Every structure is written in structure tokens, then in C-alpha cells.
Amino acid sequence: MTALARGSVVVVAGGAGFVGSHLCERLLADGYRVVAVDNLSTGSTDNLAHLPVGERLTVVDGDIVSTETMARLNDVVDRNDVSAVLNFASPASPPAYLARPLETLAVGSTGTWSLINYALSCNARFLMASTSEVYGDPLEHPQSEDYWGNVNPIGERSVYDEAKRFSEALVAAHERSAGLDARIVRIFNTYGPRMQPDDGRVVTNMVHQALAGQPLTIYGDGSQTRSFCYVSDEVDGIVRLLQSDVRGPVNIGNPHEFTIRELADVISDVIDVELSISYLPLPSDDPKVRRPDIGRANELLGWEPQVQLADGIRLMVESLR
Ligand code: NAD
Ligand code: UDP
């Protein structure tokens with residue numbers, strides 16, 4: 001294992017977002033200094049306010065697509081001190097990326113490319129936050145890393161799916177051509193405290209609807225499936241991958257699969273409200289199934305998730321209350 005040097009600096013793009021802020025917190029707890037760079041489009045500095053901002057954590061308000069932001073990183077950190085660069089910057093919820101189609105394509109292409117160049121100039125490891133969306137509406141189930149996916153390249157969701165696929169291609173090409181020391185994590189639906197209440201994802205929608213005594217919205221008939229991973233499990237898998245020598249994509253997600261209708265049952269049970277559902281149209285190209293094959297993460301990283309869905313929802317609700 002070539003672990004990162006203790007006390008070195010880790011740059012986290014998208015560090016003020018939901019997953020990014022939990023990752024910054026974990027890296028600080030592990031003894032690293034952290035630079036979070038974020039344009040605050042879907043994230044918030046509130047997510048980092050409880051951490052040692054101005055001490056071991058520096059926050060840079062900037063867009064990774066802009067060369068000016070990349071130059072500003074030189075003002076806040078010496079390149080020789082940077083051991084890793086993590087790319088978590090991107091709109092992530094379907095409503096967020098559908099509202100920012102071109103920004104999403106830009107951050108997954110120009111943004112990732114700039115950040116890879118920055119990592120190379122620091123001689124640092126690069127970790128790319130990819131997604132289960134690279135599998136699209138999968139024809140293989142569960143999805144293992146060697147499945148190439150089924151993505152509509154011109155559909156609405158392609159702005160996100162193809163941006164992430166292009167990011168992976170950029171990473172792989174720089175590994176081959178420039179010796180980039182890279183890791184790729186394919187994240188499956190992750191939930192927990194600090195998700196923006198209006199991000200439009202199914203867990204946030206349903207938790208907030210149940211707490212407000214409103215009907216839970218189900219798109220389509222609710223028979224589509226997802227596999228939900230609690231954020232502490234997700235972050236633990238990401239950190240294990242970051243500290244490992246494992247090359248090539250690794251799925252990190254909870255393999256326990258639920259229909260959206262079952263998710264509604266779990267959330268109304270945990271919050272103790274009578275289940276009431278409002279059915280709405282299914283968005284276009286909505287994947288019918290999604291479940292990670294985590295054999296690779298289990299074998300190579302010794303990782304498997306610990307938090308069951310009902311327990312994770314309980315933790316999320318407690319943090320909101
Ligand atoms: P999020 O929206 O909370 O976090 C994304 C962060 O990136 C935000 O703080 C946002 O302001 C920032 N950002 C967006 N564009 C930027 C840009 N051009 N320059 C700088 N910062 C920018 O979403 P999240 O759920 O925390 O997702 C984090 C990462 O993990 C994303 O890359 C996402 O694609 C990936 N991911 C998340 C999930 C999940 O279920 N949460 C699943 C798969 C992949
Ligand atoms: N969904 C739903 N109700 C909502 C929000 C989403 O039924 O209020 C569905 C959505 O159509 C999809 C699944 O829940 O089938 C997961 O959606 P989410 O936006 O959380 O993420 P995705 O996995 O589609 O990226």
C-alpha cells in the first residue's frame with residue numbers, strides 16, 4: 001500500500017457539497033490538511049462551518065472550469081505539499097444537472113482535465129468521483145466494473161452520464177500517456193445528513209415530505225430499484241480506495257436493492273407517519289434497476305457497508321431534527 005504522506009495536503013474539488021464535506025471531515029480526522037475548492041453552485045460553506053476553517057482547512061470559492069481558479073490554488077498551497085487531488089465537483093442530483101446541462105458537461109470535461117493537470121504538476125494522486133450512471137439503464141444486473149453500460153448519448157441525462165464517462169476516459173488516458181497515479185470510484189446512490197433539502201433526489205424528497213406530513217412522490221409506478229448507501233460507509237470506501245494501490249474503477253455502494261415503493265415504506269415507518277403516495281410521471285431514460293456488484297471493493301479493499309437503510313434514514317432524520 002502506498003498511503004498518502006501523513007500531514008500532507010489533500011485538495012477536494014466539490015468539498016462544500018454533501019459527499020465532499022463528509023470526505024473533508026474524514027480527511028481532517030485522519031490528520032491531513034485539506035483545501036476545499038467549490039463554486040458553491042449546489043454546495044454551501046455551511047457544510048464545512050463545524051470544521052477548522054482557516055486552520056487545517058482552507059476553502060477556495062472558485063469554479064474548477066476556470067483557469068483563474070486553478071491559478072489561485074497556487075496562492076493557498078505549495079504544490080510540493082499536495083499528496084492527492086480529489087474531483088467531487090459536479091452537479092449530482094438529476095434536477096441539479098438537468099437545470100445546468102452545459103455546466104455539467106464543462107465540469108466533467110474541462111474541469112476534470114484542468115484538475116488532472118494540476119495533480120500532475122503536484123506529482124499527486126488523483127481520485128475521480130464517478131458514478132453508477134456510467135452504466136446508464138443497465139442490461140446487466142447487478143453491475144460489475146467490467147460492464148460498459150447502456151447510455152443514451154443524446155438523452156436528457158446524458159449531460160451527466162457522458163460527462164462522467166468522459167472524465168473516466170480522461171483519467172485512463174492520462175494514466176497511460178502521462179503516468180497519472182489515479183483512482184476511480186463509481187459511487188451508487190448515497191444519502192445522509194447535509195443533503196440539500198431541495199436537491200430533488202428521492203431520499204431527500206421523501207424524508208422532507210414525510211416530516212412535513214405530505215404525500216411521498218413516486219415517479220412512475222415505483223417498481224424501479226436503487227441501492228442506497230449511507231454516507232459514512234461511502235466515505236470509508238472512498239478513503240480505502242484513495243489509500244490503496246488499486247487501479248481501474250471500483251464500485252462503492254450498498255448492494256441491498258429496494259424498489260422505490262419499498263423505500264417509501266421504510267421512510268414512512270422510520271418517521272412513523274401513515275403512508276400516503278402521490279404518483280407522478282417517470283422522467284425520461286430513468287434507469288429501471290441499479291445494484292452494485294461490490295466484489296472488487298470487498299476483495300481488494302476489505303470494504304463492505306455497515307449501515308442498513310432504516311438505520312441510515314433514522315440518522316438522517318435525527319440530524320434534521
Ligand atoms: P453535491 O451537489 O452536494 O456536491 C457537488 C459539489 O460540487 C457542490 O458543492 C457544488 O457546489 C460543487 N461544484 C459543482 N460544479 C463545480 C465547479 N464547476 N467547480 C467547483 N465546484 C463545483 O453532490 P454530491 O452528492 O455530494 O456529489 C458529489 C460528487 O459525487 C459529484 O461529483 C457526484 O457526481 C458524485 N456522485 C454522487 C452520488 C450520490 O449519490 N450522492 C452518486 C454518484 C456520484
Ligand atoms: N424518484 C421518485 N420520487 C422522487 C424523486 C425521485 O420516485 O421524489 C425516483 C426517480 O425517478 C428514480 C429514483 O427515484 O427512479 C432515484 O432517483 P434519484 O433522483 O434519487 O437518483 P437517480 O438514481 O435517478 O440518479
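Note that this is a predicted model, so its numbers are computed, not measured.

**Re the packing of helix α8 (residues 260-271) against helix α10 (residues 309-320)**
Part 1 of the reasoning: Between α8 and α10, the shortest axis-to-axis distance is 10 Å and the interhelical angle comes to 50°. If you check the angle between α8 and α10, you find them oblique. As α8 runs across α10, the sense of the crossing is right-handed. Along its contact with α8, which presents Leu263, Val266, Ile267, Val270 and Ile271, the element α10 presents Leu309, Ala310, Ile313, Arg314 and Val317.
Part 2 of the reasoning: A breakdown of the residues in the contact of α8 with α10 according to their chemical character gives nine nonpolar, no polar and one charged.

**A few points about the site of ligand 1**
Part 1 of the reasoning: Not every one of the 28 residues close to ligand 1 is listed here, only the nearest: Val19, Asp38, Thr42, Tyr160 and Thr190.
Part 2 of the reasoning: For ligand 1, an oxygen atom lies 2.5 Å from a polar atom in the side chain of Asp38.
Part 3 of the reasoning: Leu40 is positioned such that a nitrogen or oxygen atom in its backbone is 3.4 Å from an oxygen atom of ligand 1.
Part 4 of the reasoning: Burial of ligand 1 by the protein amounts to 95% of the accessible area it has alone, namely 810 Å².
Part 5 of the reasoning: At the level of elements, α1 (18-29), β5 (125-131) and α5 (158-178) are the ones that each hand at least two residues to the shell around ligand 1.
Part 6 of the reasoning: Here the shell around ligand 1 is composed, by residue class, of twelve nonpolar, twelve polar and four charged.

**Some thoughts on the packing of helix α6 (residues 202-211) against α10**
Part 1 of the reasoning: Where α6 contacts α10, the two axes come as close as 11 Å, and the packing angle between them is 60°. Judged by the angle between their axes, α6 and α10 are oblique. Our pair here, α6 against α10, has a crossing hand that is right-handed. Taken together, the residues of α10 that come into contact with α6 (itself represented by Val203, Thr204, Val207, His208 and Leu211) are Ile313, Met316, Val317 and Leu320.
Part 2 of the reasoning: Residues belonging to the contact of α6 with α10 are distributed by class as follows: seven nonpolar, two polar and no charged.

**Here's the deal with the sheet that holds strand β2 (residues 33-38)**
Part 1 of the reasoning: Overall, parallel pairing links the seven strands, which are arranged β3-β2-β1-β4-β5-β6-β11 in an open sheet. Since the sheet does not close on itself, it has two edges, and those belong to β3 (57-61) and β11 (249-252), each with one partner. Ignoring strand direction, the axes of neighbouring strands in this sheet form an average angle of 20°.
Part 2 of the reasoning: Here six bridges tie β5 to strand β6 (residues 182-187), and the two strands are oriented parallel to one another. When the bridges of β6 are listed, Met128 appears paired with Ile184.
Part 3 of the reasoning: Of the strands in this sheet, β1 (9-13), β4 (82-87) and β5 are in contact with helix α4 (residues 101-122), which crosses β4 at around 170°.
Part 4 of the reasoning: In this fold helix α7 (residues 231-242) packs onto β4, β5, β6 and β11, with an angle of close to 160° to the strand it touches most, β6.

**Brief notes about the pattern of salt bridges**
Part 1 of the reasoning: Going through the model one piece at a time under the given rule, you end up with 20 salt bridges.
Part 2 of the reasoning: Two residues, Arg33 and Asp81, come together in a salt bridge whose shortest N-O distance is 3.9 Å. Pair noted here: Arg33 is in strand β2 and Asp81 is in the loop between α2 (67-76) and β4, with a separation of 48 residues, a long-range link.
Part 3 of the reasoning: The salt bridge partner of Glu162 is Arg165, with a shortest N-O separation of 3.4 Å. Linking Glu162 with Arg165, this pair stays in helix α5, spanning three residues, or about one helical turn.
Part 4 of the reasoning: Glu162 sits in the partly exposed class, given a relative accessible area of 24%.

**Brief notes about the environment of Ser21**
Part 1 of the reasoning: Here Ser21 is to be found in helix α1.
Part 2 of the reasoning: Assessed through its relative accessible area of 0%, Ser21 is described here as buried.
Part 3 of the reasoning: Remark: the alpha-carbon pair of Ser21 and Leu51, spanning 30 residues in sequence, is separated by 9.4 Å.
Part 4 of the reasoning: Look past the residues within four positions of Ser21 in its chain and what remains in contact with it is Gly15, Asn47, Leu48, Leu51 and Arg194.
Part 5 of the reasoning: A distance of 3.0 Å separates polar atoms of two side chains, one belonging to Ser21 and the other to Arg194.

**Details of the environment of Pro249**
Part 1 of the reasoning: Along the chain, Pro249 falls in strand β11.
Part 2 of the reasoning: Sequence separation between Pro249 and Ala29 is 220 residues, and the spatial gap between their C-alpha atoms is 26 Å.
Part 3 of the reasoning: Apart from the residues within four sequence positions on either side, Pro249 is in contact with Glu145, Glu168, Ile184, Arg186 and Arg296.

**Comments concerning the site of ligand 2**
Part 1 of the reasoning: With respect to spatial proximity, 17 residues lie near ligand 2, and among them Asn205, Thr217, Arg226, Asp286 and Arg290 are the closest.
Part 2 of the reasoning: In the environment of ligand 2, an oxygen atom lies 2.8 Å from a nitrogen or oxygen atom belonging to the side chain of Thr217.
Part 3 of the reasoning: Between ligand 2 and Gln224 there is a distance of 3.0 Å, counted from an oxygen atom to a side-chain nitrogen or oxygen.
Part 4 of the reasoning: Summarising the interface, the protein chains cover 96% of the accessible area of ligand 2, which totals 520 Å² for the free molecule.
Part 5 of the reasoning: Secondary structure elements with two or more residues in the shell around ligand 2: α6 and β8 (216-219).
Part 6 of the reasoning: Its residues placed into classes, the shell around ligand 2 shows six nonpolar, five polar and six charged.

What counts as what
Each chain carries its own residue numbering, running from 1 in the written order of its sequence. By the order in which they are written, chains take letters starting at A while ligands take numbers starting at 1. Only residues with pLDDT of at least 70 are given local features in this predicted model, and only at 80 or more are side-chain atom pairs given and counted; all residues enter the totals for whole chains, interfaces and linings. Only hydrogens and water are set aside; all other atoms, that is, all heavy atoms of the structure, feed into the side-chain values. Inter-axis angles, ranging from 0 to 180 degrees, are taken between N-to-C directions of lines fitted to C-alpha atoms, where helices are fitted over the stretch in contact. Put simply, DSSP marks the helices as runs of H or I at least four residues long and the strands as runs of E at least two long, and each gets a number from the N terminus on. Orientation is classified from the angle alone, with under 35 degrees giving roughly parallel, over 145 giving roughly antiparallel, 65 to 115 giving roughly perpendicular, and any other angle giving oblique. Should the near helix be turned counterclockwise from the far one by less than a right angle, the crossing is left-handed, whereas a clockwise turn marks it as right-handed. Contacts were defined at the residue level, with two residues in contact if any of their heavy atoms lie within 4.5 Å. For this classification, the nonpolar set comprises Ala, Val, Leu, Ile, Met, Phe, Trp, Tyr, Cys and Pro, the charged set comprises Asp, Glu, Lys and Arg, and every other residue, Gly included, is treated as polar. The rule for a residue being near a molecule or strand is that one of its heavy atoms must lie within 4 Å of it. For this analysis, a polar contact is any N or O atom pair within 3.5 Å, provided that within protein one partner can donate a hydrogen and the other can accept it, and provided that sequence-adjacent residues contribute only side-chain to side-chain pairs. Only the protein chains shown count as covering a residue, and every accessible area follows the Shrake-Rupley method with a 1.4 Å probe. Two strands make a pair as long as DSSP finds a minimum of two bridges between them. For this analysis, a salt bridge means a side-chain nitrogen from Lys or Arg found within 4 Å of a carboxyl oxygen belonging to Asp or Glu. Throughout, exposure labels follow a simple rule: accessible area from a 1.4 Å probe, protein chains only, divided by the maximum for the residue type, with under 20% read as buried, over 50% as exposed, and the rest as partly exposed.

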